[in-house]
Amino acid sequence: WKPEDKSIDKATQEMIRKAEKEGIETAWDRLKAQLPQCGYGQLGVCCRICMQGPCRIDPFGNGPQKGVCGATAETIVARNLVRAIAAGAAGHSDHGRHVVLALKETLEHGTPYPIKDEKKLKDVAKKLGVPVEGRKAEEIAKDLVEIALGDFSKQDEEIIKFADAYANKKRKEVWKKTGVAPRNIDREIVESMHRTTMGVDHDPLSLVAHGIKTSIADGWGGSLIATEFQDILFGTPKIGKGEANLGVLKEDYVNIVIHGHEPVLSEKIIEAAQDPELIELAKKYGAKGINAVGMCCTGLELLMRHGTPIAGNYLQQELAIVTGAVEAMVVDVQCIMPSLVDVARCFHTKIIDTSSLATFPGAVHVKFDEMRADEIAREIVRIAVENFPNRNKDKVQIPKGKSEAIGGFSVEAILEALGGTLKPLEEAIVSGKIRGVVGIVGCNNAKIRHNHNHIVLTDELIKNDILIIGTGCWATACAEHGIFLPEYAEKAGEGLKSVCKALGIPPALNMGSCVDCSRMLVLADLMARDLGVDISDLPLAGSAPEAMTEKAVCIGTYFVASGILTHLGIVPPTVGSVEVTKLLTKDAMNIVGGAFYIEPDPIKAAKTLIDHIESKRKALGI
Ligand code: BF8
Ligand code: SF4
């Protein structure tokens with residue numbers, strides 16, 4: 001298993017080689033040690049829900065076909081899927097809650113997080129029917145906080161207020177008709193756990209339906225709330241430049257990598273990294289200054305809002321430490337490998353955990369508190385600076401690889417670039433210059449050659465005049481491979497190229513972190529409203545080419561629930577049930593207007609997505 005087979009990226013390969021030479025274990029080594037992985041687990045037919053188990057179903061039909069309680073493969077697979085969706089929804093939505101609570105604290109006790117974007121505040125308020133005329137920002141914000149928290153706590157049967165305000169009528173009708181309109185974000189997650197506990201819901205159809213409901217509570221609820229409140233507090237992203245890949249680390253500087261998901265932390269760390277007193281201290285220790293960079297989704301949040309360099313995506317987190325040049329890696333929640341602490345032990349790097357939710361054995365614990373955000377951020381940066389003299393220069397090797405990237409494509413920024421409406425984009429789609437739009441999301445997965453599926457799929461689609469929008473580790477992959485540069489339009493088909501050139505945009509647009517998948521929903525919804533159709537009628541598709549987390553399962557499901565055909569580049573652990581697989585890949589299309597499509601080969605996947613887009617165009621008569 002050569003470094004070239006583990007990643008398509010040269011900088012990543014270089015660091016894998018360094019890790020191998022120095023005997024440092026990485027995700028690929030651990031995957032190898034896991035092989036062959038359990039076949040029951042891969043099919044999703046094992047159950048550990050009660051202590052009569054673990055039970056497993058023989059997929060070949062010779063052994064047991066039921067668990068001790070009588071649960072079939074269909075029930076077990078559906079329950080496992082619903083639990084994965086619930087966990088993914090919980091991750092995004094709890095993140096959303098934290099942002100709302102930060103704003104609430106600001107209003108009540110004055111945290112160091114003032115409202116940065118009053119225009120966004122008013123726009124969100126108007127959508128939700130909150131009066132804005134003649135009112136102070138704080139008064140409007142108070143009402144918004146109440147509505148958002150209400151979506152986590154209200155006990156009536158009505159659809160959550162954010163989904164009600166943001167989704168168009170046609171989509172809501174589909175949800176109401178099929179009984180999947182979410183009532184309360186927390187409640188749908190709790191009900192997922194209740195339904196799937198021993199001896200409750202055993203019907204794959206009603207289980208999957210509730211999974212869909214829970215996913216909508218995330219996409220049109222928790223994630224959307226996270227994005228909108230982050231924009232209010234930290235500013236709505238605007239189109240701007242940045243840099244990506246391990247080469248953003250600097251040899252002569254104190255390097256701080258901010259890794260995780262919640263900008264409540266990362267915003268403050270990059271502020272503290274600019275503190276003249278701390279820069280002076282860094283110089284005293286022999287560094288030229290402080291270089292704070294991002295990693296994973298929190299890195300994308302910073303890249304989107306400030307053009308902060310991003311050091312990598314999920315599979316590059318260990319490798320950033322392997323450079324030997326990282327003084328501190330600051331982590332909060334989600335997608336953070338526990339192995340970081342072990343890799344850091346091979347160097348001087350300090351792993352600093354900051355969330356009260358997430359403690360890493362062996363890390364330095366500096367728990368974050370919004371009220372003392374500035375002080376704590378400075379303390380964290382100081383730890384990094386004071387660690388600089390411990391760096392072993394002989395162990396330092398920073399790969400050169402990095403690329404420039406244009407980012408910051410919030411819906412607002414896209415509208416601004418188009419002159420205030422989506423009309424130019426819609427006209428390009430109607431005229432056929434752009435055949436359609438594909439939203440690509442999600443992770444890296446050690447089982448898939450790092451960044452390979454992201455790049456091959458993106459290239460193939462843009463070649464066929466399909467505009468790409470996307471988020472998460474896909475966005476970092478594109479940033480690293482130069483796809484987010486306007487000149488990359490040269491690789492696009494003639495139609496898409498001409499539109500990109502006219503607008504000066506790249507053929508693929510970075511819309512942010514994984515909670516920002518909500519931006520894609522808002523964009524699709526706007527387009528549907530403009531054209532007087534449902535989202536499911538539009539020439540759109542979704543894809544998670546290197547899916548890994550439960551959050552990705554949830555995102556895929558709410559794309560499907562929003563009426564979008566969604567490709568998965570990895571076979572999910574649901575194929576052990578014929579019924580659940582059929583439900584997700586076929587029947588869902590007739591029920592919610594979207595379905596999953598599984599295809600590990602990105603070229604084949606591109607062809608199917610293109611065919612799907614062409615069939616939607618035909619149905620629309622364009
Ligand atoms: O939320 S894309 S590996 S970093 S889950 Fe994680 Fe997947 Fe990356 Fe961000 Ni999203
Ligand atoms: Fe086995 Fe049923 Fe218990 Fe699952 S819930 S572990 S299938 S007995």
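Scroll up for the structure.
Everything in this summary refers to the structure shown in the same document.

Cut-offs used in this document
Residues numbered from 1 in each chain as written. Chains lettered and ligands numbered in written order. Predicted model: local features only at pLDDT ≥ 70, side-chain atom pairs only at ≥ 80, totals over all residues. Heavy atoms only, no water. 1 Å grid on protein atoms, 1.4 Å probe; cavity = no way out; pocket = protein on both sides within 12 Å on 5 of 7 lines; lining within 4 Å. Points joined across faces, edges and corners; volume = space filled by probe spheres on them. Helix = DSSP H or I, 4+ residues; strand = E, 2+ residues; numbered from the N terminus. Nonpolar A, V, L, I, M, F, W, Y, C, P; charged D, E, K, R; others polar. Axes fitted to C-alpha atoms, helices over the stretch in contact; angles between N-to-C directions. Parallel < 35°, antiparallel > 145°, perpendicular 65-115°, else oblique. Left-handed = near helix turned anticlockwise from the far one by under 90°. Contact = heavy atoms within 4.5 Å. Buried < 20%, exposed > 50% of the residue type's maximum accessible area, 1.4 Å probe, protein only. Pairing = 2+ DSSP bridges. Near = heavy atom within 4 Å. Polar contact = N/O pair within 3.5 Å; in protein donor to acceptor, adjacent residues only side chain to side chain. Domains from an automatic or database assignment.

**Brief notes about the layout of surface pockets**
Here comes step 1: Looking at the largest pocket, its volume works out to about 1,600 Å³.
Here comes step 2: Lining the largest pocket are 49 residues, with Gly41, Asn445, Lys447, Met548 and Pro573 sitting closest to its centre.
Here comes step 3: When residues of the lining of the largest pocket are assigned to their parent elements, the largest contribution, 5 residues, is made by helix α5 (residues 73-109).
Here comes step 4: Of the pockets and cavities examined, the second largest pocket occupies roughly 570 Å³.
Here comes step 5: Forming the boundary of the second largest pocket are 28 residues, of which Lys120, Asp123, Val411, Glu412 and Leu415 lie nearest the centre.
Here comes step 6: Counted by class, the lining of the second largest pocket contains 12 nonpolar, 4 polar and 12 charged residues.

**Some details on the packing of helix α7 (residues 137-153) against helix α11 (residues 204-234)**
Here comes step 1: Interhelical geometry of α7 versus α11 gives an angle of 160° and a closest axis separation of 12 Å. As the angle between them shows, α7 and α11 are arranged roughly antiparallel. Where α7 crosses over α11, the handedness of that crossing is left-handed. Each of Leu144, Val145, Ala148, Asp151 and Phe152 in α7 lies in contact with α11, whose residues at this interface are Ile225, Phe229 and Ile232.
Here comes step 2: Across the contact of α7 with α11, the residue classes break down as 7 nonpolar, no polar and 1 charged.

**As for the pairing of strand β10 (residues 436-440)**
Here comes step 1: Among the 5 residues in β10, 5 count as buried, and that is most of the element.
Here comes step 2: Residues Gly436, Val438 and Ile440 of β10 are buried on one face, and the alternating residues Val437 and Gly439, pointing to the opposite face, are buried as well.
Here comes step 3: Direction of pairing for β10 relative to strand β11 (residues 466-470): parallel, over a ladder of 5 bridges. Residue pairing across strands places Gly436 opposite Ile466, the latter belonging to β11.

**What to know about unusual backbone geometry**
Here comes step 1: Here Leu35 and Pro36 are connected by a cis peptide whose omega angle stands at -5°.
Here comes step 2: Note that Pro36 resides in the loop between α3 (27-34) and α4 (39-43).
Here comes step 3: Each neighbour pair has its own omega, and for Gly53 with Pro54 the value is 5°, a cis peptide bond.
Here comes step 4: Mapped onto the elements, Pro54 comes out in the loop between β1 (46-47) and β2 (55-56).
Here comes step 5: Positive phi is not limited to glycine here, since Cys335 has a value of about 65°.

**Thoughts on the site of ligand 1**
Here comes step 1: Surveying the vicinity of ligand 1 reveals 13 residues, the closest of which are His261, Cys297, Cys335, Cys473 and Cys514.
Here comes step 2: His261 places a side-chain nitrogen or oxygen 2.7 Å from an oxygen atom of ligand 1.
Here comes step 3: Taking Lys551, its side chain carries an N or O atom lying 3.0 Å from an oxygen atom of ligand 1.
Here comes step 4: Elements with a minimum of two residues in the shell around ligand 1: α14 (296-306) and α21 (472-480).
Here comes step 5: By residue class, the composition of the shell around ligand 1 is 8 nonpolar, 4 polar and 1 charged.
Here comes step 6: When we break the shell around ligand 1 down by domain, the ones giving at least three residues each are domain 3 (246-395) and domain 4 (409-620).

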